[in-house]
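A look at the structure
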Amino acid sequence: MPATTAVGFRLTAATGTHRGDRAYQQDQVAVIAHPRIEGCMMGIVADGMGGKSGGRKAADQVILTAQQLFERYSTQDESPAELLGQITSEAHLMIKLTAISAEEEPHSTIAGFVVTSDRCVHWIHSGDSRIYWFRGARLVKRSMDHSYVQRLVDEGQLSEAEASAHPQSNLLTACLGTVQDPTSTAERFEGLEVGDTLMCCSDGLWHYFTAQELGSVLYSLPPREAAELLVSKARQRARGGGDNLSLAIVKLENLD
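Residues numbered from 1 in each chain as written. Predicted model: local features only at pLDDT ≥ 70, side-chain atom pairs only at ≥ 80, totals over all residues. Heavy atoms only, no water.

Per an unreviewed UniProt entry, the protein chain goes by Serine/threonine protein phosphatase PrpC and derives from Pelomonas aquatica.

Another aspect to go through is the state of the cysteines. Going through the model one piece at a time under the given rule, you end up with zero disulfides. No disulfide involves Cys120; its nearest neighbouring cysteine sulfur is the one of Cys40, lying 11 Å away. Not engaged in a disulfide, the cysteine Cys201 finds its nearest cysteine sulfur in Cys200; these two sulfurs lie 7.4 Å apart. (Disulfide = S-S within 2.5 Å.)

Where helix α6 (residues 211-220) meets helix α7 (residues 223-238), the closest approach of the two axes is 9 Å, and the angle between their N-to-C directions is 145 degrees. For the crossing formed where α6 meets α7, the hand is right-handed. The residues of α7 that touch α6, namely those facing Glu213, Leu214, Val217 and Leu218, are Ala226, Leu229, Leu230 and Arg237. Considered class by class, the residues forming the contact of α6 with α7 number six nonpolar, no polar and two charged. (Axes fitted to C-alpha atoms, helices over the stretch in contact; angles between N-to-C directions. Helix = DSSP H or I, 4+ residues; strand = E, 2+ residues; numbered from the N terminus. Left-handed = near helix turned anticlockwise from the far one by under 90°. Contact = heavy atoms within 4.5 Å. Nonpolar A, V, L, I, M, F, W, Y, C, P; charged D, E, K, R; others polar.)

Its identity is not glycine, yet Arg119 carries a phi of approximately 65 degrees, on the positive side. Take Arg119: it is sitting in the loop between β6 (110-115) and β7 (121-126). In this structure, Arg239 is a non-glycine residue whose phi angle is positive, near 50 degrees. Note that Arg239 resides in the loop between α7 and β12 (245-253).

Turning to the pattern of salt bridges, a few remarks are in order. Throughout the structure, instances matching the rule amount to eleven salt bridges. A salt bridge links Glu253 to Arg10, with the shortest nitrogen-to-oxygen separation between them at 3.5 Å. Highlighted residues: Glu253 in strand β12 and Arg10 in strand β2 (residues 9-18), separated in sequence by 243 residues. Note that Arg235 and Asp21 form a salt bridge whose closest N and O atoms lie 2.9 Å from each other. On the criterion of sequence distance, the pair formed by Arg235 in helix α7 and Asp21 in the loop between β2 and β3 (27-33) is long-range, its members being 214 residues apart. (Salt bridge = Lys/Arg side-chain N within 4 Å of Asp/Glu carboxyl O.)

Burial of β12 is extensive: eight of the nine residues sit out of reach of the surface. By the bridge criterion, nine bridges tie β2 to β12 in an arrangement that is antiparallel. If you follow Arg10 over to β12, its bridge partner there is Glu253. Here strand β11 (residues 196-201) runs beside β12; their pairing, made up of five bridges, is antiparallel. Across the sheet, the residue bridging to Leu198 is Val250, located in β12. (Buried < 20%, exposed > 50% of the residue type's maximum accessible area, 1.4 Å probe, protein only. Pairing = 2+ DSSP bridges.)

Given below as structure tokens:
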């Protein structure tokens with residue numbers, strides 16, 4: 001469980017992943033504590049798509065790009081928003097190059113966030129992998145999917161509950177590796193507090209939970225135990241038909 005400290009708080013984190021009922025694991029996830037900046041941590045998940053190996057290669061490119069750029073990241077040279085934008089654009093390019101060399105059509109979602117020592121969170125996402133921010137057990141904010149059903153929800157044609165059961169719920173309107181440049185959404189929020197939790201996860205996990213359920217688990221358990229419980233419960237609820245699933249959790253805790 002990675003941990004890093006800053007003035008007034010400590011960040012603790014964990015990841016969880018499972019192949020689900022699929023033949024191959026195409027999700028990749030990571031939590032990375034910055035090697036030089038105290039109180040700075042990244043969580044990132046990539047849900048790969050594109051056949052037996054193509055999706056895994058795409059997700060691997062996202063995580064590898066994130067690791068390389070985050071380790072080189074310096075607050076003097078760029079902002080967290082610029083870092084996340086660069087990760088997205090470079091991973092997109094690398095996935096496209098992989099497609100040319102491998103004669104495959106790999107794609108991947110991305111959902112990543114950076115927590116900084118001044119208690120800000122920056123995040124970016126493309127596709128239907130999500131980022132959640134909870135204060136205690138209460139949802140403060142979540143990312144909005146780039147998907148067909150999310151568009152229908154935004155237009156008032158579907159409720160959130162109806163969207164989760166829609167037969168085209170896996171149809172994306174954006175992801176990395178497409179012919180055109182990817183659509184991504186970047187946001188920045190200030191004022192993180194001790195007791196807040198951030199989680200990014202693939203649709204193989206969030207599909208089986210309400211925000212209230214996620215908040216209750218993340219509030220009541222440490223990150224590692226929360227990750228284990230959510231993976232276990234998602235597997236139960238999938239009833240033998242579950243997708244790959246992955247999640248990364250980062251929690252702000254008191255120093256004592």
